[in-house]
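Listed below, chain by chain, are the residues.
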Amino acid sequence: MKKLFLGLLALSLVLAFAMPAVATDVSVSGSFYVAGYYDDNGDLLEEEAGAQGSSSAWYNTRLRVQTVFQVNPAIQLITRFDALEGYWNSPGGPAEYAAGRDDDNIDFDRAYMVFNSKYGTFQIGHKSGGAWGTVFCDTEDDVPRMQWSKMIGGWILGAILEKAAENDQGTDLTDADNDKPMLYVVKPFKGGMAGLLFVYLDYAGWKTAGFDYNCYLLEPYVKAKFGNVYVEAELDYVWGTSREWDDGIAMDDVDRKALSAYVNAKFFLGNAYVGGQIAWVQGDDPNTKDEDETGLSGSDYNPCLILWNDDQVKWSGQNLGHGPTTGDTMANAWLYQIYAGFAPMKGLDLFASYTYATADEDRGLQDDEIGSEIDITATYKVFDNLEYMVGFGYFMAGDYYKATKADEVENDYVVMHKLTLSF
C-alpha cells in the first residue's frame, strides 16, 4: 500500500511539473445587451376593428460568450453560447416558443476546431454558416460543417461540406441526407475584395416525399473603396430543379430559377456621409406553375427599423395586414433607400434614412405598393466598450397589405433604445 501511495505521489509531481508546458491559453469575448421597444401598431390594422390595431411594449436581453482555447500556435478550439435570451420576466409558454424566441437559459451554439498546416486552414465542427460576401441574402446560423481554405498566389481558395439534415440515423434511409457542398474564391485587392461562391444543394432527404431536389447557387460580390466613395454589390442566382417527381406520381415537375441583387454606395464628407441602396428579390410568377422563381433572401439584411427587420419581427411579430405578410426577410420586392449619417462630436453618431418598397410580382387582389419608412437613430459611446442607441421608425403601410379594395390599413411606428456592452 505504501509503494502504491508513493507511486501515485510521484506521478502527481510529474504531472504538476509538466502542466505549464502543455498549458492552454484561453481568451473570452462577447456581448451583453438590454433593449426596450414600443410598437404602436404591428399588425397594421385599424383600431376600430376591435382587438386589432393594438400596441405592445417590452424589454428583451441576451448574453453571448465566445471562448477561444489556444492549444498551441497551430490549433484552436472555439466555443460560443447565448444565455438569458428572452423577454424580461416573461412567463414563456407556447406563444413565446411559436414566435421563434429562445427560451433556453443557456443555448450552446458553436464548438469547432481550427488548425493551420502547410496545406491550408481547416475548421471542423459546429460553426457559423449562412453568411457570405455582403450582408444581403445572409442568414447567419450555427451549422455543422468542414471547411478548408488556403491563400495561393494572392487568391483565397476554399471548400466547404455542410450537413443540412441528417436522415440516416435510426432509419433505413441510406444516403438520404441534405448536403451542401461549396467552393469559393476571394481576391483581396487594395481598398477591397471580390469573391465568388458556388453551392450545390443536394437534398436527397426529399426522396421520402417522392421527388428529387437539386439546385445550384452562384453568389458573386464586390466591396471596394475609391477615395471618398465606398461601394458594395452582390448578385445571388439559383437554378435547378426543386420538384422532380418520381415515376408513377402524377405531378408536374417544377424548375427553379431566380435572381436577387443588391448595390449600396456611400460618399464620405469629413465627419458625415450620404448614400443610397437598391435591393431586389425576385417574386414567384403565379402564372408559371411549373417554375419556382422565388428569389433568395436572408434575415441578416435589416434595411429598416420596422420593414424586413429580423429583431422587430422576432420580438413583436410580423406586419400582417389583411393580405400577405412581409416577414423578417425581404421577399418579392424592390427596395429603394437614401440615407445620411453625421458625427457632430466624438462618440456620437446620428443616422437617418428614407425607404420606399414595392412588390416585384402583383398578387392580383392587392396593390404592389408595400409602403415607405422613415428611420432615425442616435448612437452614443458611453465608454469604449459600452454604447447606447435610441431609434424611431415610422412605417407608412401601402395597399399591398389589403386583401380587398375595401380593406383599410394603418401605419405603424416603433420607438426603441438599446444598451450594449462588448468585452
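Residues numbered from 1 in each chain as written. Predicted model: local features only at pLDDT ≥ 70, side-chain atom pairs only at ≥ 80, totals over all residues. Heavy atoms only, no water.

1. Some words on the pairing of strand β4 (residues 106-117)
Successive side chains on a regular strand alternate, one facing one side of the sheet and the next facing the other. Our working definition: DSSP-based pairing: two strands are paired if at least 2 bridges between them are found. The helix count covers DSSP runs of H or I at least four residues long, the strand count covers runs of E at least two residues long, and both are numbered beginning at the N terminus.
Across 9 bridges, the pairing between strand β3 (residues 75-87) and β4 is antiparallel. Looking at β4, one finds that I75 is bridged to F115. With 7 bridges connecting them, β4 and strand β5 (residues 120-129) associate as antiparallel partners. Residue N116 lies in a different strand from β5, and its bridge partner there is T121. Connecting the antiparallel pair β4 and β5 is a turn made up of 2 residues.

2. Digging into the environment of L421
The line we're drawing: The buried label goes to any residue with under 20% of its type's maximum accessible area, the exposed label to any with over 50%, and the partly exposed label to all in between, with areas taken from a 1.4 Å probe on protein chains only.
Mapping L421 onto the fold places it in strand β19 (residues 412-422). Of the residues examined, L421 reaches a relative accessible area of 37% and is grouped as partly exposed. Sequence-wise, L421 and V382 are 39 residues apart; in three dimensions their C-alpha atoms are separated by 10.0 Å.

3. Here's the deal with the side chain of R62
In plain terms, the rule: We score Asp and Glu as negative and Lys and Arg as positive, and we do not count His or the chain ends. In what follows, salt bridge is the name for a side-chain nitrogen of Lys or Arg lying within 4 Å of a carboxyl oxygen of Asp or Glu. The contact rule is simple, with two residues in contact once any of their heavy atoms fall within 4.5 Å.
Checked against the element boundaries, R62 lands in strand β2 (residues 56-72). D82 provides the closest opposite charge to the buried, salt-bridge-free R62, at an N-O distance of 4.5 Å. Setting aside chain neighbours within four positions, we find R62 in contact with S31, F32, Y33, D82, A83, L84 and E85.

4. Observations regarding the layout of surface pockets
Going by this rule: Two kinds of site are reported from a 1 Å grid over the protein atoms alone, namely cavities, where a 1.4 Å probe fits but cannot get out, and pockets, open sets with protein on both sides within 12 Å along at least five of seven lines, and residues are called lining when an atom falls within 4 Å of a point. Grid points are joined across faces, edges and corners, and a volume is the space filled by probe spheres set on the points. When residue character is reported, Ala, Val, Leu, Ile, Met, Phe, Trp, Tyr, Cys and Pro are called nonpolar, Asp, Glu, Lys and Arg charged, and the others, Gly included, polar.
The volume enclosed by the second largest pocket comes to roughly 740 Å³. Mapped onto the lining of the second largest pocket, the elements with two or more residues apiece are β5, β6 (141-152), β7 (155-165), β8 (178-189), β9 (192-203) and β10 (211-226). Class assignment of the residues belonging to the lining of the second largest pocket gives a composition of 15 nonpolar, 7 polar and 8 charged.

5. Section: the environment of L45
Considering the arrangement of structural elements, one finds L45 in the loop between β1 (25-39) and β2. According to the relative accessible area criterion, L45 is buried, its value standing at 8%. L45 sits 352 residues away from A397 along the chain, and the two C-alpha atoms are 9.9 Å apart.

6. Observations concerning the nonpolar core
What counts here: To qualify as a nonpolar core, a set must consist of buried Ala, Val, Leu, Ile, Met, Phe, Trp, Tyr and Cys residues joined through side-chain atoms within 4.5 Å.
With 49 residues, the main nonpolar core has L307, W308, M330, I370, F395 and Y401 as its most contacted residues. If near-sequence neighbours (up to four positions away) are discounted, F395 is found in contact with L44, I306, L307, I370, G371, S372, E373, Y401, N411 and D412.

7. Focus on unusual backbone geometry
Unlike most non-glycine residues, L84 shows phi in positive territory, near 55 degrees. Positive phi values are uncommon outside glycine, yet N332 reaches one of about 50 degrees. For N332, the position within the fold is in the loop between α3 (310-316) and β15 (333-345). Accessibility expressed as a relative area gives 7% for N332, which makes it buried.

8. A few points about the environment of T420
Along the chain, the position of T420 falls in strand β19. We classify T420 as buried; its relative accessible area is 17%. For the pair formed by T420 and M389, sequence separation is 31 residues and the distance between their alpha carbons is 8.4 Å.

9. Things to note about the pattern of salt bridges
For the coordinates displayed, the defined rule picks out 10 salt bridges. Measuring nitrogen to oxygen at the nearest pair gives 3.2 Å for the salt bridge that ties R110 to E140. With R110 in strand β4 and E140 in the loop between β5 and β6, the pair connects residues that are 30 residues apart, well separated along the chain. Assessed through its relative accessible area of 8%, R110 is described here as buried. In this structure, the salt-bridge partner of D179 is K163, at a minimum N-O distance of 2.8 Å. On the criterion of sequence distance, the pair formed by D179 in strand β8 and K163 in strand β7 is long-range, its members being 16 residues apart. Given a relative accessible area of 28%, K163 falls into the partly exposed group. One continuous salt-bridge network, built from bridges that share partners, spans R80, R110, E140 and D142.

10. Things to note about a nonpolar patch on the surface
Keep this limit in mind: Two distance rules govern patches: like charges are joined within 9 Å, and nonpolar side chains (Val, Leu, Ile, Met, Phe, Trp, Tyr) within 5 Å, applied only to residues with over 30% relative accessible area and no salt bridge. The method behind every accessible area is Shrake-Rupley, applied with a 1.4 Å probe, and residues are considered shielded solely by the protein chains displayed.
A surface patch of nonpolar side chains, amounting to about 620 Å² of accessible area, comprises M345, Y380, V382, F383, Y388, V390 and L419. The set of elements that each furnish at least two residues to the nonpolar patch consists of β17 (369-383) and β18 (386-397). Among the elements that line the nonpolar patch, the one with the most residues is β17, at 3 residues. Considering the arrangement of structural elements, one finds Y380 in strand β17.

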